[in-house]
Amino acid sequence: MELFNFIGIQVLNALWLSALLFMLAVGLSVEFGLLDVLNLAHCTLYMLGAYIGYTVAQIAGSYWVALVVAPIAVTIIGALLYWGLLSRLRGNHLIQALITFGLLFVGYDATRLIWGVEQFRMAVPDLLSATVPVFDQTYPIYRFFVLGVGLLTVLCLYLGLERTRLGAVVRAGVDDREMAATLGINIDRAFFTVFCIGTALAGIAGVLAAPIRSVEPGMDVEILIPALVVVVIGGPGSLKGAVLGAVLIGTAETFGPVLVPDFASFIMYALMALVLLLRPQGLLPVKPAH
Amino acid sequence: MQRRDPLALPLLALLFGGLFATGLYAGAYWLTIVTEIAIFTIFALSVDFLVGYAGLVTFGHAGFMGVGAYALAYLSHFAGWPVGLSILAGIAAGALAGILIGWLVTRVSGVFFIMVTLAVSMMFWAWASRSPVFGRDDGLGGMKRMNLRAIGIDLNDPRTFAIVCVIAAALIYLLFWWLVRSPFGQILKGIKQNENRIRAQGLPVQSYKVAAFAVASAVAAFAGTLHLQNTKFVHPEVAHWIKSGESLIVVIVGGAGTLVGPVIGTFLFFVFHRVVESFTQNWQIWMGLLFIAIVLMAPEGIYGRLRSLTRKRAAPSREGAPDA
Amino acid sequence: MLEIGELRKSFGSLVVTDGVSLAIAAGAREAVIGPNGAGKTTLFNLLSGELKPDSGTIRLAGRDITRLPPDRRVKAGLARSFQRNNLFLDMTVAESLATAVAVRTGESLVFWRSFAASRHLHAQAEALAESVGLADRRDALVRHLSYGSQRQLEIAMALAAEPALLLLDEPTAGMSPEETRAMQRLIAGLPRSLTLLLIEHDMDVVFDIAERITVLDYGRVLVQGPPAEIRRSPIVRQIYLGEMA
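Residues numbered from 1 in each chain as written. Chains lettered and ligands numbered in written order. Predicted model: local features only at pLDDT ≥ 70, side-chain atom pairs only at ≥ 80, totals over all residues.

**Regarding the overall build of chain C**
Next, step 1: On a plain count of helices and strands, chain C comes out with nine helices and ten strands.
Next, step 2: Taking 2.2 N^0.38 as the reference for a compact globule, 245 residues should give roughly 18 Å; the C-alpha atoms of chain C span a radius of gyration of 18 Å, in line with that estimate.
Next, step 3: Dimensions along the principal axes, computed over C-alpha positions, put chain C at roughly 60 × 40 × 35 Å.
Next, step 4: When burial is assessed residue by residue, chain C has 45% of its 245 residues classed as buried.
Next, step 5: The contacts of chain C with a sequence gap of at least 6 include a subset with a gap of at least 24, amounting to 66%. (Helix = DSSP H or I, 4+ residues; strand = E, 2+ residues; numbered from the N terminus. Rg over C-alpha atoms; globule rule 2.2 N^0.38 Å. Buried ≥ 20, exposed ≤ 12 C-beta atoms within 10 Å, placed from the backbone. Contact = placed C-beta atoms within 7 Å.)

**Observations concerning the environment of S86(B)**
Residues and elements named next belong to chain B.
Next, step 1: By the secondary structure assignment, S86 is in helix α4 (residues 83-105).
Next, step 2: For S86 and A71, which are 15 residues apart along the polypeptide, the C-alpha to C-alpha distance reads 7.3 Å.
Next, step 3: Apart from residues no more than four positions distant in its own chain, S86 is found in contact with L72, L75, S76 and W81.

**Focus on the sheet that holds strand β2 (residues 14-24) of chain C**
Next, step 1: Taken in spatial order, the four strands line up as β2-β1-β4-β5 (chain C) in an open sheet, and their pairing is antiparallel. Two strands in the sheet have a free side with no partner beyond their single neighbour: β2 and β5 (63-64) of chain C. (Pairing = 2+ DSSP bridges.)

**Re the arrangement of the chains**
Next, step 1: Summarising the chain contacts, two pairs of chains touch, and the pair with the most contacts is chains B and C.
Next, step 2: Of all C-alpha pairs spanning chain A and chain C, none lies closer than 9 Å, and the two are not in contact.

**Topic: the nonpolar core**
Next, step 1: L20(A), L24(A), A25(A), A227(A), A119(B), L97(C) and A156(C) are the most contacted members of the largest nonpolar core, which totals 282 residues.
Next, step 2: Among all residues touching A156(C), those that are not within four sequence positions of it are L97(C), L128(C), A129(C), S131(C), V132(C) and L134(C). (Core = buried A, V, L, I, M, F, W, Y, C linked by C-beta atoms within 7 Å.)

**A look at the interface of chain C and chain B**
Next, step 1: Residue-level contacts link 41 residues of chain C with 27 residues of chain B.
Next, step 2: For the side of chain C that touches chain B, the secondary structure elements donating two or more residues are α2 (70-76), α3 (93-105) and α5 (147-160) of chain C.
Next, step 3: Among the elements that take part in the side of chain C that touches chain B, α3(C) stands out by supplying seven residues, more than any other.
Next, step 4: Residues of the side of chain C that touches chain B, tallied by class, amount to 22 nonpolar, nine polar and ten charged. (Nonpolar A, V, L, I, M, F, W, Y, C, P; charged D, E, K, R; others polar.)

**Thoughts on the sheet that holds strand β6 (residues 78-81) of chain C**
Across a sheet, strands are paired by hydrogen bonds formed along the backbone, either parallel or antiparallel in direction.
Residues and elements named next belong to chain C.
Next, step 1: Read across the open sheet, the six strands follow the order β6-β7-β8-β3-β9-β10; overall the sheet is mixed. If you trace the sheet from one side to the other, it starts and ends with β6 and β10 (220-225), each paired once. Averaged over all neighbouring strand pairs, the angle between strand axes comes to 20°, with direction disregarded.
Next, step 2: Two strands pair when backbone bridges link them, and β6 and strand β7 (residues 165-169) are joined in this way by four bridges, in the parallel orientation. When the bridges of β7 are listed, R80 appears paired with L167.
Next, step 3: With respect to the sheet, helix α1 (residues 40-48) is in contact with β3 (29-33), β6, β7, β8 (195-199) and β9 (212-217), its orientation differing from that of β7 by roughly 150°.
Next, step 4: Contacts between α5 and the sheet are confined to β6 and β7, with β6 contributing the most and set at about 170° to the helix. (Axes fitted to C-alpha atoms, helices over the stretch in contact; angles between N-to-C directions.)

**Observations concerning unusual backbone geometry**
Residue and element names in this part refer to chain C.
Next, step 1: If you check the backbone angles, A61 has positive phi at about 50° while not being a glycine.
Next, step 2: On the basis of neighbour counts, which here come to 15 C-beta atoms within 10 Å, the residue A61 falls in the partly exposed class.
Next, step 3: The phi dihedral of Y218 falls on the positive side, at around 50°, and the residue is not glycine.
Next, step 4: Position of Y218 among the secondary structure elements: in the loop between β9 and β10.
Next, step 5: For Y218, a count of 15 C-beta atoms within 10 Å puts it in the partly exposed group.

**A closer look at the interface of chain B and chain A**
Many descriptions give the size of an interface as the accessible area lost when the pieces come together.
Next, step 1: Taken together, the 30 residues of chain B in the interface contact 29 residues of chain A.
Next, step 2: At the level of elements, α5 (110-130), α10 (241-254) and α12 (283-297) of chain B are the ones that each hand at least two residues to the side of chain B that touches chain A.
Next, step 3: With 13 residues, α5(B) is the largest single contributor of residues to the side of chain B that touches chain A.
Next, step 4: Class assignment of the residues belonging to the side of chain B that touches chain A gives a composition of 23 nonpolar, five polar and two charged.

**What to know about the environment of L103(A)**
Next, step 1: With respect to the helices and strands, L103(A) occurs in helix α4 (residues 93-115).
Next, step 2: On the neighbour-count criterion, L103(A) (24 C-beta atoms within 10 Å) is buried.
Next, step 3: For the pair L103(A) and N39(A), spaced 64 residues apart in sequence, the C-alpha to C-alpha distance is 9.5 Å.
Next, step 4: Those residues in contact with L103(A), other than ones at most four positions away along the chain, are A41(A), T44(A) and G288(B).

**Points about the environment of F44(C)**
All names here are of chain C.
Next, step 1: Structurally, the position occupied by F44 is in helix α1.
Next, step 2: Residue classification places F44 among the buried positions, given that 23 C-beta atoms sit within 10 Å.
Next, step 3: With 101 residues separating them along the chain, F44 and L145 place their C-alpha atoms 26 Å apart.
Next, step 4: Contact partners of F44, with chain neighbours within four places excluded, come to R80, L167, D169 and I199.

**Notes on α12(B)**
Residues and elements named next belong to chain B.
Next, step 1: If you check α12, its first and last C-alpha atoms are 21 Å apart, about what 15 residues at 1.5 Å a residue would give, namely 21 Å.
Next, step 2: Listing the buried residues of α12 in full gives Q284, M287, G288, F291, I292, I294 and V295. Each buried residue of α12 lies within a common arc of 165° when the element is viewed along its axis, so the set occupies one face. Turned more than 90 degrees away from the buried face of α12 sit A293 and M297, all of them exposed. (Expected span 1.5 Å × (residues − 1). Arc of directions from axis to C-beta.)

Okay, here's the thing in structure tokens:
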């Protein structure tokens, strides 16, 4: 019974973490699969979302204001980066990866400069501060909220991909970039819009994560690798892949340190390497390998 | 065929000479910088050999520094081997790891290669951070330097150690310079420029990539053994992907594919770090911005830019007039 | 010299090579022609090893090379030039030829002396440059060469491998009439010790050089025979005229 409760709680933890990873990985995956950009600074935007969210919450006294404002701010920053830097460098993977790596450096220090080095904990909004008795423990409702937002995101993205014109463009672009490029000038705008959506999601993920994980420098690097592994495993540009990858890694990251604490990290990196070597297009690729 | 670089020799003389002279005369503070620059230069040279000459952009080369450092630590500290032998074993371990891992990772290319090298190096880091024998993420101290007292050299003297490292860096430079101008080096150049073409000439491309990888890994392992002897401390950070990233920054800023570039880049990185650090704690922003600026405006790096400027001035019609 | 047996290749449901069989004698001058999409370059890719066939065999001088990777086929004596220039753009003509020679002779493994000092490599590179008429441009950067010169270099690079069988993929593609004539002379001047198989769209070149022509359509061999016969063949006229209509 003890074991059952313990596993139950861990499963819930895995779920909310998967939701968070999914929201992060979507942007990364789309950037990689559609725009062919390896954006190592994606999680820096996540971190900025958390920091800005924290500050806004302090000023406005409301979590909900932060949840709206921070992603907008992050998207603006992301859009500037895209327009200023990344859109100029399409096709040269090394340079892109390195520039985003440089941005990682810059971001790390910029947050230390503005916010200092202490850890912050953002307060859970009053509305969601209750706990629920489950599996013989009290579990914060807030985490269900995070899970809920994640599921809602999956739904919206799925509908967006299948039903909207933008979605059709994205699907075409991931499937065959060159072909899509010949279809017309709106491709660039579509790419840009998609990039902004991915960035907004990263910002939202930052605000969502802030009350649970501490807001501190280095939180971007901490989550970058799991997010990258999600993209690699799921398959670049694949929504289903991002969901699958997020669930797998969320579970691994939750159960790993509990079951095999000394091997959890190692196994995750080994998994990443294995998938890259054996099935680089991912487990649920957008187009089947030939 | 081999274009003459009038700048190379004077620059190198200046840089290495400067290091050597600082090593001979400066105080303790500068000695540590000299040693760090010398050791990182060795590492950066091995990265340039892969990135700038073989076209293998690796984001995990620090892993091989880790292999060298940890092999040395284990053999000299736990297995009781003499340090000198352990260093050789560390280099051999690096070469072996380079062959095995090289054979695996050269199956993919492009961004996938970048990511898989990152992943594999972090596998090592993950192992090292968790290994109780080596003190997990705290690392382990008490490492020894090589005992050369029989030939009158005391490596425990910081000045002597610094000079030895500078000489080692110069020798490694010569090694790569030699390799790069050999037929083997020419083949690597061919692989980097057009892998398909050279394969169509009958070259077993993957074998050559693995060979380059093994050489670079052995040298990185050597840098790792020097690093261990310098700090007398073994720590997983030596293998982290951020450290690999720093080596890439150094190579690109200095000028990839030039060998002189990584030397300049390392100098800049360390000097910049110390100088900026004396003004502000946030040197990484400035380093990051400088790096981005260089990548955008002078992707051939500082030395690459200097070289093309001097070549233009020296012989404007050197390359042969284009056909009508 | 070359025996192709029932070669088949499909991409999904698209059959690109549909049971092609062909036998070419040593020293022969053969051409493969056919409308666009007939599968000519795919055939070459199957021969050079860039693509693996779904079924069928390829024998070179009696040796089964069907399973060999591209680089081993070159060592076995097969070399090709490419339809789109595939060169070392940032090397000089002499340098890229010397590099090719180094690969062939195994000098590529030498790491103890300098490339510049390997005089035999450079001598052979010069000879190759001369043989294709590029001797006066040997110090030019490949990217500065005219298109026609680059096509000539393509051939020289393939020759550097000292093949027994040379596959030429549209050697005159995109060339002006003078360039085409120069290329024609080059090909005609190649020694008989070399077996030639060429893909071409320029019929003048084909009828001038080829001793036997194979016509491909939809991945299948339609007709095969000496130039005169092919010229008269109603089937060939139909597919070409049909295409032009």
